Amino acid sequence: MHPHRFLPGNLLRSERLLVALGALIATYAFFYEYLPPFKRVHLWSDVAGYHYPLQRYAFESLKEGRIPRWDPSIYCGISFAGNVQAAFLYPPTWLMYAAVWKLPGIPFKAFEVFTFLHVWLAFLLCYMWLRGRGGKLASLLGAAVFAWTGYMVGQVLHTGVIAAMTWMPLALWGVDEAVDRRNWRPLWKVAAASALSFLAGYPAAWIVNCVIIAAYALGSRKPWRAVTGVCVALLASVLLFLAQLLPAMEARAFMVLEQKYGSGAYGVGTLLRSYFVGNWFDFNPDHRTDFDPGCIYLYLGLPALFAIGWAIWRHQGRAYFQPVLGLAVALLFANPPHFLLHAVEQVPALKYTMQPSNFYAAVAAMAALISAISLNDFLESRREGALPAWALFASATALAAWSFRDLLIWHRGGLFASGTGAVAQTAIALVLFSLCLWCARQTTGRRRILISAILLFAAATDYKVFGSGRWFNAVEGDVDDEYPKYGIGGVDDAAYRAMRENRQYRVVTDDGLGPHPTDYRMWGLATPEGFDPFLSVQYKQTIQQWVPFRTNRLFDTDVRNENMLQTLGVRYVLVREGAEPDSVLAASADFRLIGRKDIFCHVYEYLHAKPPFHWEDERSGSVRPAAWIPERREFQVQSERGGRFVLVEQFFPGWRAMVDGHSVEIERWGGAFQAIRLTPGAHRVSFEFRPVSLPVGAAVSFFAVAGLLVLVWADWRSRRGAGTRACRVETHLDTL
């Protein structure tokens, strides 16, 4: 039974508001180095190089008054509507857009704040879930185990992963309420959490949520009833995110599929050391590579270490059956045996999507629940006898001093002991933490509040110095400084203006010595290169006629191959000043430098460029572009002979062609592009990307959301009525 279910509504709201405010302050303290006014570092890797350009493109599209459906910036165009990792339909994304709407573009700082706020929300939701299992202090420390754990901190580079993880406690909370109240209405939380985790942009993490929610329900007091309800809720949640699922399935049908699920990358010894010792693997800034080969940061923190030890000491297996079952399932999927690998390989949707490492998110959730149950059991098992004042003072002083010592080491460079030295430091911290917990158990009133505050401070410090404050997810500087409000940093203004004025042509980076392919998205430019999991089979096969891919997603355009440049509509080549390709292009009669020489990045114009729209037979006639936006291209064409008109944009479901207002069939051209047949004469030709899957899915999701809101209202009414009846009974008993 939830201990706080029948608390007066105003007290419950006040408690949650206070926790939310405190968690917000703690989150800022955790990541203050990334945020104004103390900003020194920024997130890098996928969050900066992949997710941010997508968000910036979507935001600027909305500012232009259009819904982004097609992304012309990479791979000669891919479906933006089908790119689930863009998280365009994820509701918190729209809150971020609204917050910065008056700005000309979305700053990277806003996206970092968006990412860090998920850590805050994860803490808050986990606290609300665990509060149903125990007291305030146990729930706070348990929420810290979930939201501040090594896996969460290590995944801030992957916004979709931590966003999906954030909603996991909401679903588990719904399962608990449904079982305790013997009512199916609270399962709306499962449906909502499932939909939000999918829309967050990382389907592999959504699968993890589904698996752990089902396992959690199976471990409940009413397993089969709970599992049935959870399965129905998960299936219903598909309707909520169908607007994203249908376009994504269309895009996936064209993808180069890669097996994602395989054997676990980490052995039992590695996992145990990473979970239980903060710096066993050398994450110190002075380490040659900033990490040891084969390492992973999963540290659970002091609250979990104490809680697990106490749970083992107490031998109360039944109390921990549910989280231990979930933990076993998560670890099984994270380190799958042969039979599980074979079973997953039989289901292509799982084989090409699910990833073992994502199941460590579920481990964190189950560790949080074990911590809350165990800590609550410890704190409630108070023994008779008063606590000497000197013991309280000594314990609190020692733990606070140790925490300040850690902060001082971190502030001076963070050179902590690693390996066996880290074991000794963790042991000392755990002993001091345990003594303070014992003091908290034996005290009441203001003394308990004081010692609880010190415990929370010590736990937060432990997570800070070994986790968020380690900077292994960050580099120095500010991304916003790298992208000026106008132009391209390091590129001559005349060259930038030329590329913008002729943006129907494409640009490339020679041998990777210049901007990354996804960066062009932020400048409104397009490239035949790219980096995206939605690379299509047809496009990869077309490119491989000219050059091989140097990774699973990256290739370098051969600027000496005239056929490749002209077919793909390439007109501009960017290369770093002084690099070997720079001298080759400067000496070529086929290229000319645009702008001045004394600048970091040179831009060369290919003098024989052909636009990415033309008659198949150049003698057929003339063409003039009339409109050029990502989802619609219009042309005025004139021909005495007629023939095939080519648009060098990827052939993809959803493209519609019109000639003088009449629909015509689009044919595949060049393996991956589009063409239509035209009769002699003057015509107005248009190509428009309007996938049917998007409005159909949106319509279904709209009615599903409406149904969810009705269910939320019904659950609120039911819970309110139960609370009123309980209060009346309690008042009556007091009167008697």
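Residue indices follow the written sequence of each chain, beginning from 1 at its first position. Selection of residues for local features in this predicted model requires a pLDDT of at least 70, selection of side-chain atom pairs for listing and counting requires 80 or more, and totals for whole chains, interfaces and linings are taken over all residues. Side-chain measures here rest on the full set of heavy atoms in the structure, leaving out hydrogens and waters.

**Considerations on a nonpolar patch on the surface**
Nonpolar side chains (Val, Leu, Ile, Met, Phe, Trp, Tyr) are joined into patches within 5 Å and like charges within 9 Å, using only residues with over 30% relative accessible area and no salt bridge. For every accessible area listed, the method is Shrake-Rupley and the probe measures 1.4 Å; residues are considered covered only by the protein chains on display. Salt bridges, as used here, are contacts in which a Lys or Arg side-chain nitrogen is within 4 Å of a carboxyl oxygen on Asp or Glu. Nonpolar side chains collect at one region of the surface, where Leu239, Val692, Val696 and Val700 lie side by side and expose about 300 Å² of accessible area between them. Note on placement: Val692 falls in the loop between β17 (681–689) and α27 (693–735). In this description a helix means any DSSP run of H or I spanning at least four residues, a strand means any run of E spanning at least two, and both kinds are numbered starting from the N terminus.

**Brief notes about the pairing of β17**
Being paired, for any two strands, means DSSP has found at least two bridges between them. Here strand β11 (residues 632–639) pairs with β17 via 8 bridges, running antiparallel. Pairing of Glu634 across the sheet is with Ser686, part of β17. Relative to β17, strand β13 (residues 655–659) is paired through 5 bridges, and the arrangement is antiparallel. Bridged to Trp655 within β17 is Phe689.

**Some thoughts on helix α2 (residues 46–63)**
The end-to-end C-alpha distance of α2, which contains 18 residues, comes to 24 Å, matching closely the 26 Å that a straight helix rising 1.5 Å per residue would cover. To get the bend at any residue, fit one axis to the seven residues that end at it and another to the seven that begin at it, then take the angle between the two axes. Along α2, the sharpest kink reaches roughly 35°, centred on Tyr52 and followed within four residues by the proline Pro53. For each residue, the accessible area found with a 1.4 Å probe, counting protein chains only, is set against the maximum for its type, and the residue is called buried under 20%, exposed over 50%, and partly exposed in between. Burial analysis of α2 places 14 of its 18 residues in the buried class, which makes it a mostly covered element. In the stretch just after α2, Gly65 is the one whose phi turns positive, near 90°. One fewer than the residue count of a helix, multiplied by 1.5 Å, yields its expected span.

**Points about the pairing of β13**
Residues Trp655, Ala657 and Val659 line the buried face of β13, whereas the alternating positions Arg656 and Met658 sit on a face that is not buried. Bridging between β13 and strand β14 (residues 662–664) involves 3 bridges; their strand directions are antiparallel. Bridge pairing links Val659 to His662 in β14. Where β13 folds back onto β14 in an antiparallel hairpin, the turn is made up of 2 residues, including Asp660, whose phi is positive at roughly 55°.

**Points about the pattern of salt bridges**
Counted by the stated rule, this structure contains 34 salt bridges. A salt bridge links Arg550 to Asp556; the shortest N-O distance between them is 3.0 Å. Through salt bridges with shared partners, a single ionic network connects Glu616, Arg644, Glu667 and Arg677.

**Re the sheet that holds strand β6 (residues 570–576)**
Read from one edge of the open sheet, 4 strands run β5-β6-β8-β7, paired in mixed fashion. Each edge of the sheet is formed by a strand with only one pairing partner; in this case those strands are β5 (506–509) and β7 (591–594). Within this sheet the neighbouring strands show an average axis-to-axis angle of 30°, counted without direction. Looking at chain direction, β5 and β6 are connected through 4 bridges and run parallel. Each bridged residue has a counterpart across the sheet, and for Val507 the counterpart in β6 is Tyr572. Against the sheet, helix α26 (residues 580–587) touches β6, β7 and β8 (601–606), its axis set at about 135° to β6. Working convention: axes come from line fits to C-alpha atoms, limited for helices to the stretch in contact. Angles between N-to-C directions cover 0 to 180 degrees. Should any heavy atoms of two residues lie within 4.5 Å, those residues are counted as being in contact.

**What about the packing of helix α19 (residues 389–411) against helix α20 (residues 420–442)?**
For the pair α19 and α20, interaxial distance at closest approach is 9 Å and the crossing angle is 145°. Crossing hand, α19 versus α20: left-handed. Contacts from Ala391, Leu392, Ser395, Ala396, Ala398, Leu399, Trp402 and Arg405 of α19 reach α20 at Gln425, Ile428, Ala429, Leu432, Phe433, Leu435, Cys436 and Cys439. Here is the rule for handedness: rotate from the far helix to the near one, and if that takes an anticlockwise turn smaller than a right angle the crossing is left-handed, while a clockwise turn gives right-handed.

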